[in-house]
Amino acid sequence: MHVRKRVRTVIQVVGADRGAIVGKSPDDLQLVVKGSPPSAPLSNFVEVIGIADSEKSIQAEIWTNFGEVFDTHSYNQLCQLANGEYQHLFL
Amino acid sequence: MPVNLTPNAIATINDGDVNLKPLVQVLDIKQMGSAQERYRLLVSDSVLTQHAMLGTQLNDRVKTGLVKKGSIIQLIDYICSQVQKRKIIVVLNLETIIPDCEIIGNPKMVSDAPAQNALPNTNSMLLSTVGYNNLSSQSHGSNMHSIRPALSSQGHDGNMQSFRPTSSTQNQGGKMHTFQPALGAQNYGNDVQSFRPTVQPPYQPPPSYRNHGAVMKNEAPARIIPINALNPYQGRWAIKARITAKGDLRRYNNARGDGKVFSFDLLDSDGGEIRVTCFNAVVDRFYDAVEVGKVYLISKGSLKPAQKNFNHLKNDWEIFLEATSTVDLCPEEDGSIPQQQFSFKPISEIESAENNSIFDVIGIVISVNPSVPILRKNGMETQRRILNLKDGSGWTIELTLWGDFCNKEGQKLQEMVGSGFFPILVVKAGKVSDFNGKSLGTISSTQLFINPDIPEAHAVKDWFDRGGCDVATMSISRDIVQGGPKNEARKTVSQIKHEGLGRSDKPDWATVRASISFIKTDTFCYTACPLMIGDRQCNKKVTRSGNSRWQCDRCNQEFDECDYRYLLQIQIQDHTGLTWVTAFQESGEEILGYPAKELYLLKYESNDTRFADIIRSRLFYQYLFRLKIKEEMYGDEQRVKITIFKADKVSYSSESRYMLDLISKDRAH
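Residues numbered from 1 in each chain as written. Chains lettered and ligands numbered in written order. Predicted model: local features only at pLDDT ≥ 70, side-chain atom pairs only at ≥ 80, totals over all residues. Heavy atoms only, no water.

**Some details on the pattern of salt bridges**
Opposite charge on two side chains lets them pair, provided their charged atoms get close.
Residue and element names in this part refer to chain B.
Logical step 1: Here the structure, examined in full by the defined rule, presents 27 salt bridges over all chains.
Logical step 2: The salt bridge partner of Arg 275 is Asp 265, with a shortest N-O separation of 2.8 Å. Separated by 10 residues along the polypeptide, Arg 275 in strand β10 (residues 273-279) and Asp 265 in strand β9 (residues 257-267) bring together distant segments of the chain.
Logical step 3: Assessed through its relative accessible area of 12%, Arg 275 is described here as buried. (Salt bridge = Lys/Arg side-chain N within 4 Å of Asp/Glu carboxyl O. Helix = DSSP H or I, 4+ residues; strand = E, 2+ residues; numbered from the N terminus. Buried < 20%, exposed > 50% of the residue type's maximum accessible area, 1.4 Å probe, protein only.)

Structure follows, in structure tokens:
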């Protein structure tokens, strides 16, 4: 849906696969994040900002550690609101 | 499909047959009176109609439409009762055969002289009833002889035809005896009795003949009926029940002189309960005879409306025993009658209960306080003990024991809790009180059971062992000290003013998410009395006495060290507005993070700037405040006073969900 667009999301790190990080999206789908992760070790939840090169993968440019605990349900709702009815409220 | 009603059913029942189990049709249903829920029916056997009354246990059959006008029903348990010259059939159990049917035949109202009706019907009656009388089983030859003339005088020769061949001799008894097996059923059919012109006794038990002839006194045991079927319109009744409670012997003095009274409660196998009361001479007869837990057969008492002020059992009636009443102990244990019957409600339900309502509760005793003597209004001194009960709903309530309960059960519970056990307590008939939030108290009819062997007790113990003990206690008692009743009514600051919260008789509760914008530091705490009154700290403001000591006016004592307790004036603010609230010790500590004494010493004795830093650092923190809002008189004017009961840290996760929820609700309209 957002292929070739700049996207941002928070994933739960599940593992690594051939140099890319495999994570779980806030709506429980699998995502592959390519690119160069930061030198610091990744926490459980990481925010990635980059270009979506397919439905299921992101070429990440910025990685931010979000810690060990995160409410994915609320974040998911936020994403839905931000792209839906209340789009105009978000930059 | 046409159905045949039992021919002559009405007449048969009127004559005393209770085993016919006839098919009759309901012609009419009326509700009796406005106070009681009782249905009156008109039933017919297609030829005659008769008034009948439905036992209250069958009321829902009418309500659900199983029994309505035109319904064909089979009477299963019933008796025919004489009420002021009229016969009324009291139906205790029935089955609906056909709920909807056109009226069969052209039935006429039966007249009030049953004996006459019996005559034309006897033929068919003998044919239709199952068995024959059991005269032979108990008879003596002479009796048979004496009965015979009565029979023939009524012209039942036709019937006796069947007996004739064998009854030609005087020695009827023997012949009848041999006749009996051929007939089969030992049915107490009462056919013979019905031919006698005397008034029917309502019950037709096996007649016990004495040697002196036809005088029949019905001394056979009356039929046992369920307690719920008891009503004053019945003739004789008998109930078999267990005593669940026995009241104390009370002496009284009124205009008619001195008297004494005592009561006991009964429970039968159907779960019906009723109170039995004895006055004066009757007390002497039965007081020592009745014991709690034993099963008794009780009969010949009078039924009167129950006094709901004292009698909290679920029954409209109360039994009053008289000189002629009988109370017989049943020696064999009747397993079908439970030992006790409870209707437990969770403690959380008590919060919304009315003051003075009666409840049964079961819970774990988590704390027991010592007995204190209390002076009552009439000058008498009694004991009072407060303990705390917690149950599966997670709530805790204060239970006040009065009088004897303090010494007996109270003492035992204190020992158990003191040794580290958490006993299960069942309170039957505790009274809800509005004092200090909601609490329970014992009354004279309360019963306490410690660790009873009932399934509910095991369930509570399981819950407790599995972690129930760790569930944070939320108390619905103790209005002030511990967090007030959980009231999740979310408000914004401006809503407090706009909705005029706090202006009614009772305080309003609200939850507000706001930030602290200012803390007044001039007087942020006070010197409090540290002494204990009962189980609570006195906390009254103490005054200096001398140079180094403190004096409490309430406790009337002096001491060196006083307690410091918070009394904070805080300004809180959210996106709608700001308001002043007061925080006491518990919430104060939560907000500031330091004990009051420490800050006091810091400000007045050591480091003033450090104190200011600490205060400043607490500003703009967001909390979920649980507020109590009440209007109070301040001098001449009414002011709305807001107090913080709890200041909870905001959980971002749940707050987000709450707000998302608000958004979706908003979206809906």
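What follows picks up the thread again.
**Some remarks on the packing of aromatic side chains**
Where two aromatic rings form a pair, the distance of their centres and the angle of their planes describe that pair.
Logical step 1: All told, the structure shown has 19 aromatic pairs over all chains when counted by the stated rule.
Logical step 2: For the pair Phe524(B) and Phe611(B), a centre-to-centre distance of 5.2 Å together with 35 degrees between the ring planes defines the contact as tilted. Highlighted residues: Phe524(B) in the loop between β23 (508-519) and β24 (525-528) and Phe611(B) in helix α16 (residues 608-617), separated in sequence by 87 residues.
Logical step 3: Put simply, the rings of Phe45(A), Phe66(A), Phe70(A) and Tyr75(A) touch in pairs and so form one group of aromatic residues.
Logical step 4: When the ring centre of Tyr287(B) is taken as origin, the NZ or CZ atom of Lys246(B), which lies over that ring, is 4.3 Å away.
Logical step 5: The lysine or arginine in question, Arg639(B), covers the ring of Tyr634(B), its NZ or CZ lying 5.2 Å from the ring centre. (Phe/Tyr/Trp six-rings, centres within 6.5 Å; stacked < 30°, edge-to-face > 60°. Lys NZ or Arg CZ within 6 Å of the ring centre and 35° of its normal.)

**Some thoughts on the environment of Ser46(B)**
Logical step 1: Structurally, the position occupied by Ser46(B) is in the loop between β2 (38-44) and β3 (48-54).
Logical step 2: Sequence-wise, Ser46(B) and Leu27(B) are 19 residues apart; in three dimensions their C-alpha atoms are separated by 10.0 Å.

**Here we look at the confidence of the model for chain A**
Logical step 1: Of the residues in chain A, 100% reach a pLDDT of 70 or more, and the chain-wide mean stands at 88.
Logical step 2: No element of chain A has a lower mean pLDDT than helix α1 (residues 72-83) of chain A, at 88, and none a higher one than strand β4 (residues 45-54) of chain A, at 91. (pLDDT = per-residue confidence, 0-100.)

**Section: the pairing of strand β33 (residues 622-634) of chain B**
Residues and elements named next belong to chain B.
Logical step 1: Bridging between β23 and β33 involves eight bridges; their strand directions are antiparallel. Along β33, the bridge assignment pairs Ser 515 with Gln 622.
Logical step 2: In terms of strand pairing, β33 meets strand β34 (residues 637-649) through 12 bridges, oriented antiparallel. When the sheet's bridge partners are listed, Glu 631 is paired in β34 with Val 640. (Pairing = 2+ DSSP bridges.)

**As for the confidence of the model for chain B**
Predicted coordinates in regions of low pLDDT should not be interpreted in detail.
Residues and elements named next belong to chain B.
Logical step 1: The share of residues in chain B with pLDDT of 70 or more is 78%, and the mean pLDDT across the chain is 77.
Logical step 2: When the criterion is pLDDT under 50, residues 112-197 qualifies, and its contacts beyond four places in sequence or with other chains add up to 105 contacts.
Logical step 3: Contacts for the low-pLDDT stretch residues 479-486, under 50 throughout, to residues beyond four places or in other chains number 15 contacts.
Logical step 4: For this predicted complex, the interface score ipTM comes out at 0.85, alongside a pTM of 0.40. (Contact = heavy atoms within 4.5 Å.)

**Considerations on α1(A)**
Logical step 1: For α1(A), built from 12 residues, the straight-helix expectation of 16 Å at 1.5 Å per residue is met to within 8% by its first-to-last C-alpha distance of 16 Å.
Logical step 2: Every buried residue of α1(A) is listed here: Ser74(A), Tyr75(A), Asn76(A), Leu81(A) and Ala82(A). (Expected span 1.5 Å × (residues − 1).)

**A short note on the sheet that holds β34(B)**
Residue and element names in this part refer to chain B.
Logical step 1: Around the barrel, five strands lie side by side as β23-β31-β32-β34-β33; this closed barrel has mixed pairing. Strand-to-strand, the axes of this sheet are offset by a mean angle of 55 degrees, without reference to chain direction.
Logical step 2: Pairing geometry for strand β31 (residues 568-574) and strand β32 (residues 577-583), over seven bridges, is antiparallel. In the strand pairing of β32, Ile 570 is matched with Val 581.
Logical step 3: Along the sheet, helix α14 (residues 585-592) makes contact with β23, β31, β32, β33 and β34, crossing β34 at roughly 55 degrees. (Axes fitted to C-alpha atoms, helices over the stretch in contact; angles between N-to-C directions.)

**Remarks on the sheet that holds strand β27 (residues 543-545) of chain B**
Backbone hydrogen bonds are what pair the strands of a sheet, in a parallel or an antiparallel way.
Residues and elements named next belong to chain B.
Logical step 1: With antiparallel pairing, the three strands of this open sheet are ordered in space as β27-β28-β29. Looking along the sheet, the strands with just one partner apiece sit at the ends: β27 and β29 (557-559). For this sheet the average axis-to-axis angle between neighbouring strands, irrespective of direction, equals 40 degrees.
Logical step 2: Bridge count for strand β28 (residues 549-552) against β29 is three bridges, and the pairing is antiparallel. Note that in β29 the partner of Trp 550 across the bridge is Phe 559.

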